[in-house]
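Here is how the chains run, residue by residue.
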Amino acid sequence: MTNEVLATVDRLEEGVLVLMTDTDPVHEISLPYTLFPLLHEGDVVRLIVEEDMDRREETVQEVMEMKKRLHNVSL
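Calculation notes
- Residue numbers restart at each chain and count upward from 1, following the sequence in its written direction.
- In keeping with the model being predicted, local features are shown solely for residues with a pLDDT of at least 70 and side-chain atom pairs are shown and tallied solely at 80 or more, while totals for entire chains, interfaces and linings include all residues.
- Computation of side-chain values: all heavy atoms of the structure, hydrogens and water removed.
- Where helices and strands are cited, they refer to DSSP runs of H or I of at least four residues and of E of at least two residues respectively, numbered from the N terminus.
- By this rule, a helix spans an expected 1.5 Å times one less than how many residues it contains.
- Polar contacts, as used here, are pairs of N or O atoms within 3.5 Å; protein pairs need one atom able to donate a hydrogen and one able to accept it. Residues neighboring in sequence count only if both atoms are side-chain atoms.
- For salt bridges, the criterion is a side-chain nitrogen of Lys or Arg within 4 Å of an Asp or Glu carboxyl oxygen.
- In this scheme, a residue with accessible area under 20% of its type's maximum is buried, one over 50% is exposed, and one in between is partly exposed, where area comes from a 1.4 Å probe on protein chains only.

**What about helix α1 (residues 53-71)?**
Stage number 1. Look at α1: 27 Å from first C-alpha to last across 19 residues, which is about the 27 Å you get at 1.5 Å a residue.
Stage number 2. Sitting at the amino-terminal end of α1 is Asp52, which places a side-chain oxygen 3.2 Å from the backbone nitrogen of Asp54.

**Some words on the pattern of salt bridges**
Stage number 1. All chains considered together, the criterion is met by six salt bridges.
Stage number 2. Between Arg11 and Asp10 there is a salt bridge, and its shortest N-O distance comes to 2.4 Å.
Stage number 3. For Arg11, a relative accessible area of 24% puts it in the partly exposed group.
Stage number 4. Its relative accessible area of 38% is what places Asp10 among the partly exposed residues.
Stage number 5. Where Arg55 meets Glu62, a salt bridge forms, and the shortest distance between an N and an O atom there is 3.3 Å.
Stage number 6. Arg55 sits in the partly exposed class, given a relative accessible area of 37%.
Stage number 7. The class for Glu62 is partly exposed, based on a relative accessible area of 37%.
Stage number 8. Taken together, the shared-partner salt bridges connect Asp10, Arg11, Glu13 and Glu28 into one network.

Given below as structure tokens:
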């Protein structure tokens, strides 16, 4: 599943980029500036959110393994 939206960088506020979506209604999205230091006020960006089922399965397996190890710990 992929979802995509255009947004405009509205402002930089205390290390946070504030984006306004090009949707109706408009939504505000806040992102850490350190992740996107090349963006400036007025820049238009395309935000793409894509579900990663492979990575999800890997994460589920990692969590299950951690739970198993924790269960085997004796105090």
